[in-house]
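Residue strings, one per chain:
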Amino acid sequence: REDASSEERANKEAELMEKLLIHYFCIVRAHLVDMIPKIVMKFFVRKLSTDLNSILIKALYTEEKIADLVQESDRVIRKRKASSKMMKVLLEAEKLVSDIAVGRNVQ
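Let me sum up the structure you'll find in this document. This one's a predicted model, so the numbers in the text were calculated from it and none came from an experiment.

## Re the overall build of the protein chain
Helices and strands together make up the secondary structure of the protein chain, namely 3 helices and 0 strands. For the protein chain, the α and β elements follow one another from N to C terminus as α-α-α. Relative to the globule expectation of 13 Å for 107 residues, the C-alpha radius of gyration of the protein chain, 40 Å, shows a markedly less compact shape. C-alpha extents for the protein chain along the principal axes are approximately 130 × 45 × 15 Å.

Following this line, the structure appears as C-alpha cells:
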C-alpha cells in the first residue's frame, strides 16, 4: 500500500513538473516571438540609417551643389553690408567719445 501511494505521489509530481515545464516553454516562446521582430527592426533601422546618411551626404556635397550651398541670398548680402557700415560708424563714434573723454582735440 505504501509503495502504491508513493508511486502515485511520484506520478502526480511528474505530471505537475511536466505542466510547469510546458507552461514555462510557452512563456519563453511567446517572449521570443515578441522579441524577434523588434531585434530585426532594430538592426534594419540602424543599418538603413547609417547607409542612408552616407548616401545623402555624398549626394549633397557634389561639386556643382557646393556653390549653391555656400551662396548668400540677396537679403543676407544687404544685411551684411548694412551691418558692416553700421560697425564702421560705431567704431568712429567710439573713437570720438574716447577722444572727448580723454580731452583731446577733436577735428
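## Remarks on the pattern of salt bridges
Taken as a whole and assessed by the stated rule, the structure comprises 6 salt bridges. Its salt-bridge partner being E8, residue K12 comes within 3.8 Å of it at the nearest N-O pair. Of this pair, K12 and E8 both sit in helix α1 (residues 2-60), 4 residues apart, which is roughly one turn of that helix. Accessibility expressed as a relative area gives 47% for E8, which makes it partly exposed.

## Focus on α1
Taking 1.5 Å of rise per residue, 59 residues should cover 87 Å, and α1 covers 85 Å from first to last C-alpha, within 8% of that figure. Remark: the principal bend of α1, roughly 25 degrees, maps to M35, with a proline, P37, within the next four residues.

Criteria and cut-off values
- Residues numbered from 1 in each chain as written.
- Predicted model: local features only at pLDDT ≥ 70, side-chain atom pairs only at ≥ 80, totals over all residues.
- Heavy atoms only, no water.
- Helix = DSSP H or I, 4+ residues; strand = E, 2+ residues; numbered from the N terminus.
- Rg over C-alpha atoms; globule rule 2.2 N^0.38 Å.
- Salt bridge = Lys/Arg side-chain N within 4 Å of Asp/Glu carboxyl O.
- Buried < 20%, exposed > 50% of the residue type's maximum accessible area, 1.4 Å probe, protein only.
- Expected span 1.5 Å × (residues − 1).
- Bend = angle between axes of the 7 residues up to and from the residue.

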